[in-house]
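Remarks on the overall topology
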Amino acid sequence: MTVQQARPVPNRAVGIASERVDGREKVTGLATYAAEHRDLQLDDPLHAWMVTSTIARGRVLRVDASAALALPGVERVLDHENAPRAASTDDRELAVLQDDRVGFRGQIVALVLAETPEAAREGARLVSVHYDAEPATVTLDAAGEDDFYAPEQVNAGHETDLEQGDVEAGLAGAAVRVEGRYSTPAEHNSPMEPHAATARWDGSVLTMYDSTQAVHAVAATLAPILGLEQSQLRVLAPYVGGGFGSKGLPHAPEVAAAMAAMAVEGRPVKLVVTRQQMFALTGYRPETISHVRIGAEPDGRIVALEHAAIGGTSRIKEYAEQTATAARMMYAGEHRRTTHRVAALDVAVPSWMRAPGEMPGMFALEVALDELAEACGVDPVDLRVRNEPELDPETGNPYNDRRLVECLQRGAERFGWADRPTSPQAIVDGDWWVGTGVASATYPTLWMPGNTARITADEDGRYGVAIGAVDIGTGARTVLAQIAADALDVDVASIDLAIGDTDLPAATVAGGSAGTGSWGTAIVQAAQQFRADHGDTPDPGVQTTGTAESYPDSVGHALHSFGATFAEVRVHRWTGELRVTRLLGVYSVGRVINPTTARSQFLGGLIMGLSGALFEESVRDSRFGHVVTQDLATYHVASHADVRGLEVDWLDEEDHLATPMGSRGVGEIGIVGTAAAIANAAHHATGVRVRDLPLTADLFLDVPPLP
Amino acid sequence: MKELTYVRPTDARDAVARVSDDPHARFLGGGTNLVDHLKLGLLTPDVLVDVSRLPLDEVTRLDDGTLRIGTNVRNSDLAAHPVVRSSYPAVTRALLAGASGQIRNQATTGGNLLQRTRCVYFQDVTTPCNKREPGSGCSAIGGYGRYDAVLGASEACVATHPSDLAVALAALDAVVVVLGRDGERRVPMSDFHRLPGHHPETDTTLAHGELVTSVELPPESALTRASDYRKVRDRASYAFALVSVAAALELDGDVVRDVRIAWGGVAHRPWRAAAAEEALRGETYSEEAVRAAAELELAAAVTGPDNAYKIPMVRNATAYALRGLADRSSERTGATR
Ligand SMILES: Cc1cc2nc3c(=O)[nH]c(=O)nc-3n(C[C@H](O)[C@H](O)[C@H](O)COP(=O)(O)OP(=O)(O)OC[C@H]3O[C@@H](n4cnc5c(N)ncnc54)[C@H](O)[C@@H]3O)c2cc1C
Ligand code: SF4
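What counts, and at which threshold
- Residues numbered from 1 in each chain as written.
- Chains lettered and ligands numbered in written order.
- Predicted model: local features only at pLDDT ≥ 70, side-chain atom pairs only at ≥ 80, totals over all residues.
- Heavy atoms only, no water.
- Salt bridge = Lys/Arg side-chain N within 4 Å of Asp/Glu carboxyl O.
- Helix = DSSP H or I, 4+ residues; strand = E, 2+ residues; numbered from the N terminus.
- Near = heavy atom within 4 Å.
- Polar contact = N/O pair within 3.5 Å; in protein donor to acceptor, adjacent residues only side chain to side chain.
- Areas by Shrake-Rupley, 256 points an atom, 1.4 Å probe, with all protein chains shown as cover.
- Nonpolar A, V, L, I, M, F, W, Y, C, P; charged D, E, K, R; others polar.
- Buried < 20%, exposed > 50% of the residue type's maximum accessible area, 1.4 Å probe, protein only.
- Pairing = 2+ DSSP bridges.
- Axes fitted to C-alpha atoms, helices over the stretch in contact; angles between N-to-C directions.
- Contact = heavy atoms within 4.5 Å.
- Buried area = accessible area lost by both parts, 1.4 Å probe.
- Core = buried A, V, L, I, M, F, W, Y, C linked by side-chain atoms within 4.5 Å.
- Phe/Tyr/Trp six-rings, centres within 6.5 Å; stacked < 30°, edge-to-face > 60°.
- Domains from an automatic or database assignment.
- Parallel < 35°, antiparallel > 145°, perpendicular 65-115°, else oblique.
- Left-handed = near helix turned anticlockwise from the far one by under 90°.

1. Focus: the pattern of salt bridges
Across all of its chains, the model carries 75 salt bridges over all chains by this definition. Among the salt bridges present, the one from Asp431 of chain A reaches Arg323 of chain B, with a minimum N-O distance of 3.1 Å. Note that Asp431 of chain A is positioned in the loop between strand 19 (427-429) and strand 20 (432-444) and Arg323 of chain B in helix 13 (residues 310-333), a pairing that runs across two chains. The closest approach of N and O atoms between Arg323 of chain B and Asp327 of chain B, which form a salt bridge, is 3.8 Å. Here the residue Arg323 of chain B and the residue Asp327 of chain B both occupy positions in helix 13, the gap between them amounting to four residues, near one helical turn.

2. Thoughts on the site of ligand 1
Residue and element names in this part refer to chain B. Around ligand 1 there are 30 residues in total, and Phe27, Gly30, Gly31, Thr32 and Thr108 lie nearest to it. Residue Gly30 places a main-chain N or O atom 2.7 Å away from an oxygen atom belonging to ligand 1. The contact in question runs from an oxygen atom of ligand 1 to an N or O atom on the side chain of Thr32, over 2.7 Å. Bound to the protein, ligand 1 loses 93% of the 970 Å² it would expose on its own. Of all the secondary-structure elements, those providing two or more residues to the shell around ligand 1 are strand 2 (25-28), helix 7 (109-113) and strand 8 (211-217). Taken together, the residues of the shell around ligand 1 break down into 13 nonpolar, 13 polar and four charged.

3. A word on unusual backbone geometry
Residues and elements named next belong to chain A. Backbone torsion omega between Leu693 and Pro694 reads -5°, so that peptide bond is classified as cis. Structurally, Pro694 is set in the segment after helix 16 (674-686). Here Ser190, not a glycine, exhibits a phi torsion of approximately 50°, which is positive. Mapping Ser190 onto the fold places it in the loop between strand 11 (176-184) and strand 12 (196-201). Accessibility expressed as a relative area gives 16% for Ser190, which makes it buried. Of note, the phi angle at Asp489 is positive, near 60°, even though the residue is not glycine.

4. Some thoughts on the sheet that holds strand 5 (residues 108-114) of chain A
All names here are of chain A. Pairing is mixed in the open sheet, where seven strands are placed in the order 3-5-1-15-12-13-14. With one partner strand each, in any of the chains shown, strand 3 (74-79) and strand 14 (233-236) form the two edges of the open sheet. Averaged over neighbouring strand pairs, the angle between their axes works out to 20° when direction is ignored. Of the strands in this sheet, strand 1 (46-52), strand 3 and strand 5 are in contact with helix 4 (residues 117-126), which crosses strand 1 at around 25°. Sheet strands touched by helix 7 (residues 252-263): strand 1, strand 3, strand 5, strand 12, strand 13 (206-210) and strand 15 (269-272). Its angle to strand 12, the strand with the most contacts, is close to 25°.

5. Description of the interface of chain A and chain B
Between chain A and chain B, the contact holds 39 residues from the first and 42 residues from the second. Overall, the association of chain A and chain B removes approximately 3100 Å² of surface from exposure, summing both partners, and the carbon and sulfur fraction of that is 56%. Looking at the side of chain A facing chain B, the largest losses of area belong to Trp574, Arg623 and His636 of chain A, adding up to 20% of the total buried there. Counting the contacts that link chain A with chain B gives four salt bridges. Between Asp702 of chain A and Arg315 of chain B there is a salt bridge, with its nearest N and O atoms 3.2 Å apart. Scanning the region where chain A abuts chain B turns up 21 residue pairs in polar contact (both at pLDDT 80 or more). The element contributing the most residues to the side of chain A that touches chain B is helix 4 of chain A, with five residues.

6. Here's the deal with the nonpolar core
Residue and element names in this part refer to chain A. Core analysis: the largest hydrophobic core is formed by 97 residues, its most contacted members being Leu111, Leu233, Ile467, Leu488 and Ile495. Those residues in contact with Ile495 that sit more than four places away from it in its chain are Arg462, Tyr463, Val465, Ala481, Ala484, Ala485, Leu488 and Val490. Formed by 87 residues, the second largest nonpolar core is a distinct cluster that contains Val176, Met359, Phe415 and Val569.

7. Side note on the pairing of strand 9 (residues 227-232) of chain B
Residue and element names in this part refer to chain B. Burial analysis of strand 9 places six of its six residues in the buried class, which makes it a mostly covered element. Of the two faces of strand 9, the one lined by Ser227, Tyr229 and Lys231 and the one lined by Asp228, Arg230 and Val232 are each fully buried. Where strand 9 lies against strand 10 (residues 243-252), six bridges are found, and the strand directions are antiparallel. Of the residues in strand 10, the one forming a bridge with Ser227 is Ala248.

8. A closer look at the packing of aromatic side chains
Each aromatic ring pair is characterised by the separation of its centres together with the angle its planes make. For the structure on display, the rule yields eleven aromatic pairs over all chains. Arranged with centres 5.7 Å apart and planes meeting at 40°, the rings of Phe602 of chain A and Trp650 of chain A form a pair that is tilted. Here the residue Phe602 of chain A occupies a position in helix 15 (residues 595-614), and Trp650 of chain A occupies one in strand 27 (residues 645-650), the gap between them amounting to 48 residues. Consider the rings of Tyr144 of chain B and Tyr147 of chain B, whose centres lie 6.5 Å apart with planes at 65°: the pair is edge-to-face. Of the aromatic side chains, those joined through ring pairs into one cluster are Phe415, Trp417 and Phe566 of chain A.

9. Observations regarding the domain arrangement of chain B
If you check the domain split of chain B, you get domain 1 (5-50) and domain 2 (225-333). For domain 1 of chain B and domain 2 of chain B, the distance between their C-alpha centres works out to 36 Å.

10. Some remarks on the packing of helix 15 of chain A against helix 16 of chain A
Residue and element names in this part refer to chain A. Put simply, helix 15 and helix 16 touch, their axes get as near as 8 Å, and they point 50° apart. Judged on the interaxial angle alone, helix 16 and helix 15 are oblique. Here helix 15 and helix 16 pass one another in a crossing that is right-handed. Packed against helix 15, whose contacting residues are Leu606, Gly609, Leu610, Ala613 and Leu614, the element helix 16 presents Thr674, Ala675 and Ile678 at the interface. Considered class by class, the residues forming the contact of helix 15 with helix 16 number six nonpolar, two polar and no charged.

11. Here we look at the pairing of strand 8 of chain B
Residues and elements named next belong to chain B. Along strand 8, seven of the seven residues are buried, which leaves the element largely enclosed by surrounding structure. With four bridges connecting them, strand 5 (residues 67-70) and strand 8 associate as antiparallel partners. By the bridge assignment for strand 8, Arg68 is matched with Glu216. As judged from the five bridges shared by strand 6 (residues 175-180) and strand 8, these two strands associate in the antiparallel manner. In the sheet register, Leu179 faces strand 8, and the bridge partner there is Leu211.

This is the structure:
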């Protein structure tokens, strides 16, 4: 019998709160990250240090490496003239050292290889690069109106524009109208482990320990650039110290490490990106500006909604944040227009950062909803309930199981929302204004085809489960074992899971909140096929490999997760300082596979949302073109003292339309809506409406009393 | 790698001689600022003279009541010192508002005063900076200006001094004791750091090779006991000040007998608000009077779009800090205002 598609599995191990299986290795320092692998290190690696451009646009005239090469320990200096030639330069972000063009400040212009990291770094300092600089446009403000264009599609394959009904007529005829310009700054993912790689080329195979969210994708992307077959690249990522999207796609430093390894055949090369270099070379969330217009009935029911998003991208490679897509499916309303325009700038290449699209887009939309609630005199929770659509406004399809209202209501009850005074500036506690706010959260349920899992029967009733998935710190290693145990109907302790290696069956990226669901489906399918092939008492050594090409039940449905975020903030009446004293997220995400690790994802999402609300801002210098807040002392993320009453809750549910485990994703939804809930709470506290992130103290100085 | 010599003298005079004789030598304290600068390529000394183990690590009360703080007293230890906590609370509060627990455990008193600006362009060798490279230009002007000075800046430099401790010491009239080739000299805190003028490369009035050996606080008094430090920042912890206020207030009924105000985050050095103090001394205390005095001090302020917020912020923070002190004063004396 062939198992065409995975079938739902009963939950036994799934749903149990269990600790991370690799927690001990991590906290004791035994877990080896990309720059720490002994087997390659023993072979005496060369250390690579990147020299990066100090102009935003122009040409490299000459790279003078003589002083660097004279330094003891420096072995080689690669530049665009002597670096190995790439077999493909189509992707200009990844065409490292292939020509003299400089597309942004911070681009790799030379690579120093030395016996020690110290010599490499000093060597890099001694390389002098001569440029012919050209005028550059590096900020949205500096871009002319003509510079904005409609990309062919926006990130994740969404349509650029979508129009339903007649928005202008709808707005014109609406009893209540709100309109605003909302912005989010560029933000950098800044995972704790910097991007790093250790690579060795033995003449036929390039082995690379990489800090990545997708080993197979790295191999598939790099192979054609390096002129290799994909099978000639072995990429391993046993442990990864966070990615938040920045390790979802390979970036230039990985190409540099691979290329350097091929230039010094037999010798491993180790490359670690510095924190400062991460602000130019490893992706970031681009700045977004949203113009939102809403027309509604007097009771708050939306009749027309426009979300027009603009943003920046890099001239050398397009990335268009899908800022307006949440407005397509979030609320009811007959007339709707959502558009995206981008301007190509001479800046570093933006990329994925946790909940691309939803994070900035829902900031705009959910603050606008708060403004609508105020304009209509309707409670913000009720307003959202009133705008609950029956069918997905974008596709007309029924939802899988849209339970936003339940999240809002459960959250309101738990948070004590009913006691909230309606008007702003109503609560003063000593030197502080106090206010509360709410926002909805959503994240699409993505499912990626093409994952393959291999099940092997071992001695003593143990089972090997192999898939090239990556645990980037989320707990994948823990939950995939739980899924495998249920799928094979055995105890979780008898599962031996192998992940993070391209020698294992192919897996898609740990991203889009789709890793666990997509990999898990493949494991379930392989396990069911294994049982069909080998029965319940298989002979040791027998194996089955299964690939999940589809999971059919989702077809014809709009699959999304939902949530509600409630925030309480205090704003200092003298200094304007804002502190978030309570944050509650209630989520509907299908079956929660492991409450311990899922809770961590929600908490982390809320904290990152808080951090984006109050602190995070990559300040790009309009003259030089690089981010000047390029370390964690100047690019602030939330500190422990900023994170206070955090609470997370979720609905008890199973969604077998989404995956055979009944689960949807949990990785990103926590960051969505959080900044809006905080901004709305700040407005409730002070009466000051902030439409631009972050909400800094200077915005709340000398707040005038409300009339 | 850039080779350098590391020496660990056992005697302060020896340390002074080694650095005085060599323009490429530097003192090393806890290293929390200097080592970053080595890594960033801001500084390429040939010799590091580690003074952090010299036996200058005690807090002692002199016969006249002066509190002497050895330069090697770590920031954490100084903050926790019982006499400092009770008699000079502004010092403890300033220290605890700075950096992180780990950094305070490592950082020394002298090193703290001599830490350099956090101006993002100063810390980035790829951008012009007069402080790092005299004559190259000031990138902060026309650039990222959120932390820039509003008082006493020059066309050459608009950076602020980042130390919290220094602001508290300035308010309390501390004196820095310095050892040079020609012996010891005593520098009042208000003369220790400089304004940038045409020479932003020089942060202080110390000569190369002069070693901070201790900091002295004047004998405790009603004023020093009634001192406080208030730091304003977006992040609740582990952030440099947007602005900060060190203040001390002695009330006689509701008349200001004496007052001290120093500001951080507004200038190239801790800014002693002498005009504001003068305006308040002998006057009836009121929040309005404090605000007016702060405005007077700020009359000469120059701001740009990024840092204009500092004017109302420091004014409000000053009013807030003094109100706290006034409230405590009236609690003590039972006076009502
Ligand atoms: C992330 C971060 C956040 C921080 N936040 C804050 C903050 O919020 N508030 C704050 O005030 N500080 C903050 N700091 C700075 C910290 O307080 C200083 O780095 C520390 O006080 C410096 O002391 P040190 O002994 O380590 O000095 P070092 O780094 O050793 O030296 C600093 C300078 O002082 C000189 N020096 C050292 N000792 C002497 C001496 N005895 N005589 C003469 N010269 C000497 C050195 O040559 C060097 O130029 C922060 C630092 C970091 C890294
Ligand atoms: S403000 Fe001062 S430290 Fe900053 S760039 Fe200008 S000169 Fe340098």
